[in-house]
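Chain residues, written in single-letter form:
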Amino acid sequence: MREFNSCVDEVEWFGQGPNIELDLNQDDDLGVINNDEFESAGYKEDLRKRMLKNLNKKVPCSSGVVHVTPFFVGQGFKTKKDIQGHMKMLSIKTRRALHMPKNEKLRVRVKCKGVVPDSTGGGPSTVSKVTSKGKTVISQKDSCPFAIQISRSTEEEQWLVKTVIDEHLCLQSRNVKACTSRYLASTILQKVDSDPRIPVTALQEELQMDLELSISRMKVFRAKSIAKEQLYGDYERQYNLLRDYCLELQTNNPGTTVKLEVCNEPNLDVETRIFKRIYICLGALKLGFKSGKRELLGLDGCFLKGPHPGQILTVVGLDSNNGIYPLAYAVVEAETTSSWTWFLECLGGDLDLDASCNFTFVSDRQKGIIPTIAKVFPNAEHRWCLRHIHENMKLQWRGEEFRDHL
């Protein structure tokens with residue numbers, strides 16, 4: 001440092017701020033890295049990592065803002081997919097069109113193909129038409145200097161960033177190709193999980209404000225669908241695994257009854273069938289009910305949520321502590337007389353209930369369940385749920401007087 005200062009006579013200031021006089025005779029304590037020792041095999045690995053960490057440390061700029069760069073010299077990537085993910089993130093963050101002109105097994109180069117403004121002041125013009133062999137072709141005038149070089153020695157080693165030129169001369173754009181619906185799905189995953197009914201328009205406005213990009217409504221709709229699929233799974237794939245689920249229940253729960261019905265298929269060459277109904281009664285619940293039998297059963301049904309319509313039919317009993325004791329459930333196409341008849345016949349076979357049993361059934365006044373109980377169990381008592389009666393009658397008669405008399 002002293003030899004350098006002795007060869008310098010004066011210092012010129014080229015910045016925009018005030019001229020600051022520097023004391024060149026001051027001996028600064030500068031840390032110097034010996035390259036030969038740093039690259040040698042005997043150099044301490046912990047010290048090497050510490051030096052790289054200090055070199056890549058985030059330093060705030062003059063305005064106090066820390067600019068995070070996804071790529072830096074010495075950064076390692078395990079797979080090429082990780083490099084592409086970082087490139088997409090940087091492209092969306094900087095609102096520029098990044099691509100890979102070189103994509104080989106050992107070398108990858110990331111460049112920017114944005115629009116560079118014309119230095120003459122005529123506006124953004126980066127292409128010109130020239131004539132070659134009687135044909136008019138488009139040739140590039142200027143290109144953005146941004147470039148990242150990533151390579152590895154062999155296919156077994158990890159990728160390392162060798163060169164980073166983090167300088168853009170091109171204009172930012174609100175239409176970035178890297179902003180796909182799958183990327184937006186990963187961004188809105190937590191929002192959809194907390195509020196599955198959030199409108200697509202609200203998501204679109206929030207994403208446009210956060211990313212400062214032009215995002216169409218259909219792209220946000222596809223992103224929300226992908227996010228829901230990641231959170232709740234694919235319904236069609238789950239139906240494809242239904243037969244395996246039934247076999248697993250019977251294997252791990254001895255005595256379990258599973259009845260699966262499918263729609264009739266006229267073409268016998270088709271390997272798949274359309275789902276219709278399923279009835280499940282776990283063996284442990286069946287044995288527990290028979291050992292402490294109480295002759296009272298509650299029946300009810302509810303709708304299924306999702307793209308495939310249907311209803312769930314359930315039956316519960318009472319345990320020794322007057323608590324709800326689940327017995328069986330079924331997924332059917334609708335709450336009809338046919339579905340209730342099939343469900344109660346399956347239930348009677350599991351619990352050894354014949355037509356002369358004197359059980360008491362409690363349910364609402366659904367049209368399909370009333371004639372079904374009278375048909376399957378003609379000697380059983382059928383009573384109505386007071387809560388359902390109150391919910392139905394308060395639509396016409398309101399007030400505390402009616403509630404007190406009820």
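Above this text you will find the structure in question.
Here goes a summary of the coordinates provided. (Residues numbered from 1 in each chain as written. Predicted model: local features only at pLDDT ≥ 70, side-chain atom pairs only at ≥ 80, totals over all residues. Heavy atoms only, no water.)

## Quick word on the overall build of the protein chain
Part 1 of the argument: Check the secondary structure of the protein chain and you find 15 helices and 14 strands.
Part 2 of the argument: With 406 residues in all, the protein chain has 28% of them scored as buried.
Part 3 of the argument: Pairs at least 24 residues apart make up 51% of the contacts formed inside the protein chain by residues separated by at least 6 positions.
Part 4 of the argument: Carbon and sulfur atoms form 52% of the exposed surface of the protein chain, whose accessible area is close to 28100 Å². (Helix = DSSP H or I, 4+ residues; strand = E, 2+ residues; numbered from the N terminus. Buried < 20%, exposed > 50% of the residue type's maximum accessible area, 1.4 Å probe, protein only. Contact = heavy atoms within 4.5 Å. Areas by Shrake-Rupley, 256 points an atom, 1.4 Å probe, with all protein chains shown as cover.)

## Considerations on the packing of helix α7 (residues 200–211) against helix α8 (residues 217–232)
Part 1 of the argument: Relative orientation of the contacting elements α7 and α8 amounts to 105°, with a least axis distance of 9 Å. What the angle tells us is that α7 and α8 run roughly perpendicular. Only R217, V220, F221 and K224 of α8 make contact with α7, whose side of the interface consists of V200, T201, L203, Q204 and L207.
Part 2 of the argument: Residues that form the contact of α7 with α8 fall into these classes: five nonpolar, two polar and two charged. (Axes fitted to C-alpha atoms, helices over the stretch in contact; angles between N-to-C directions. Parallel < 35°, antiparallel > 145°, perpendicular 65-115°, else oblique. Nonpolar A, V, L, I, M, F, W, Y, C, P; charged D, E, K, R; others polar.)

## Remarks on the packing of aromatic side chains
Part 1 of the argument: All chains considered together, the criterion is met by seven aromatic pairs.
Part 2 of the argument: Measuring from ring centre to ring centre gives 5.8 Å for F71 and F77, while their planes differ by 50°; the resulting arrangement is tilted.
Part 3 of the argument: Between W340 and F343, the ring centres sit 5.9 Å apart and the planes meet at 70°, which makes this aromatic pair edge-to-face. Of this pair, W340 and F343 both sit in helix α12 (residues 337–351), three residues apart, roughly one helical turn. In this structure, W340 and F343 share a single accessibility class: buried.
Part 4 of the argument: By the ring-pair criterion, three or more aromatic residues cluster together here, those being Y279, W340, W342 and F343.
Part 5 of the argument: Positioned over the ring face of W384 is R365, at 4.7 Å from the centre of the ring. (Phe/Tyr/Trp six-rings, centres within 6.5 Å; stacked < 30°, edge-to-face > 60°. Lys NZ or Arg CZ within 6 Å of the ring centre and 35° of its normal.)

## Considerations on the sheet that holds strand β13 (residues 360–363)
Part 1 of the argument: With mixed pairing, the seven strands of this open sheet are ordered in space as β8-β9-β12-β11-β10-β13-β14. The open sheet has two edge strands with one neighbour each: β8 (257–262) and β14 (381–384). Sheet twist, expressed as the average angle between the axes of neighbouring strands with direction ignored, equals 20°.
Part 2 of the argument: As judged from the three bridges shared by strand β9 (residues 275–281) and strand β12 (residues 324–332), these two strands associate in the antiparallel manner. What sits directly across from I278, in β12, is V331.
Part 3 of the argument: Helix-sheet contacts for helix α10 (residues 242–252) involve β8, β9 and β12, and the interaxial angle to β9 is about 15°. (Pairing = 2+ DSSP bridges.)

## Topic: the side chain of R277
Part 1 of the argument: On the secondary structure map, R277 appears in strand β9.
Part 2 of the argument: Separated by 2.9 Å, the side chains of R277 and S338 make a polar contact.
Part 3 of the argument: With residues up to four places along the chain from it excluded, the contact list for R277 reads K259, L260, E261, V331, V332, E333, S338, S339 and W342. (Polar contact = N/O pair within 3.5 Å; in protein donor to acceptor, adjacent residues only side chain to side chain.)

## So, the sheet that holds strand β3 (residues 107–112)
Part 1 of the argument: In spatial order, the strands read β1-β7-β6-β3-β2; together these five strands make up an open sheet with antiparallel pairing. The sheet is open, and its two edges are formed by β1 (76–77) and β2 (98–103), each paired on a single side.
Part 2 of the argument: Pairing of strand β6 (residues 147–151) with strand β7 (residues 159–165), which is carried by five bridges, proceeds in the antiparallel orientation. Note that in β7 the partner of A147 across the bridge is I165.
Part 3 of the argument: Those strands touched by helix α4 (residues 80–94) are β1, β2, β3, β6 and β7, and its axis lies near 150° from that of β2.

## Thoughts on the nonpolar core
Part 1 of the argument: Core analysis: the biggest nonpolar cluster contains 28 residues, and Y279, L297, L299 and F343 have the highest contact counts within it.
Part 2 of the argument: Membership of the second largest hydrophobic core comes to 19 residues, among which are V176, I188, V220 and I226. (Core = buried A, V, L, I, M, F, W, Y, C linked by side-chain atoms within 4.5 Å.)

## Focus on unusual backbone geometry
Part 1 of the argument: Here the phi dihedral of E212 falls at roughly 60°; this positive angle occurs in a residue that is not glycine.
Part 2 of the argument: Here E212 lies in the loop between α7 and α8.
Part 3 of the argument: One non-glycine residue, D352, adopts positive backbone phi at about 60°.
Part 4 of the argument: With respect to the element layout, D352 can be found in the loop between α12 and β13.
Part 5 of the argument: Take D352: its relative accessible area is 58%, and that puts it in the exposed class.

## Quick word on the side chain of Q204
Part 1 of the argument: Tracing the chain through its elements places Q204 in helix α7.
Part 2 of the argument: With sequence-adjacent residues up to four places away left out, Q204 is seen in contact with I215, S216, R217 and V220.

## Details of the packing of α12 against helix α13 (residues 369–376)
The description of two helices packed together rests on the angle between their axes and the distance between the axes.
Part 1 of the argument: Interhelical geometry of α12 versus α13 gives an angle of 40° and a closest axis separation of 9 Å. Classified by the interaxial angle, the pair formed by α12 and α13 is oblique. Here α12 runs over α13; the crossing is right-handed. The residues of α13 that touch α12, namely those facing T337, W340, T341, L344 and E345, are I369, P371, T372, I373 and V376. (Left-handed = near helix turned anticlockwise from the far one by under 90°.)

## Topic: the pairing of strand β10 (residues 296–303)
Part 1 of the argument: Where β10 lies against β13, three bridges are found, and the strand directions are parallel. Paired with G298 across the strands is V362, a residue of β13.
Part 2 of the argument: In this sheet, strand β11 (residues 311–318) lies alongside β10 in antiparallel orientation, the contact comprising six bridges. Residue D300 lies in a different strand from β11, and its bridge partner there is T314.

## Let's talk about the pattern of salt bridges
Part 1 of the argument: Within the structure shown, the criterion is met by nine salt bridges.
Part 2 of the argument: One salt bridge connects E104 with K102, and the closest N-O pair in it is separated by 3.6 Å.
Part 3 of the argument: Among the salt bridges present, the one from K290 reaches D352, with a minimum N-O distance of 3.4 Å. Linking K290 in helix α11 (residues 283–291) with D352 in the loop between α12 and β13, this pair joins segments that are 62 residues apart in sequence.
Part 4 of the argument: Through salt bridges with shared partners, a single ionic network connects K102, E104 and R107. (Salt bridge = Lys/Arg side-chain N within 4 Å of Asp/Glu carboxyl O.)

The values are spatial; any link to function lies outside them.
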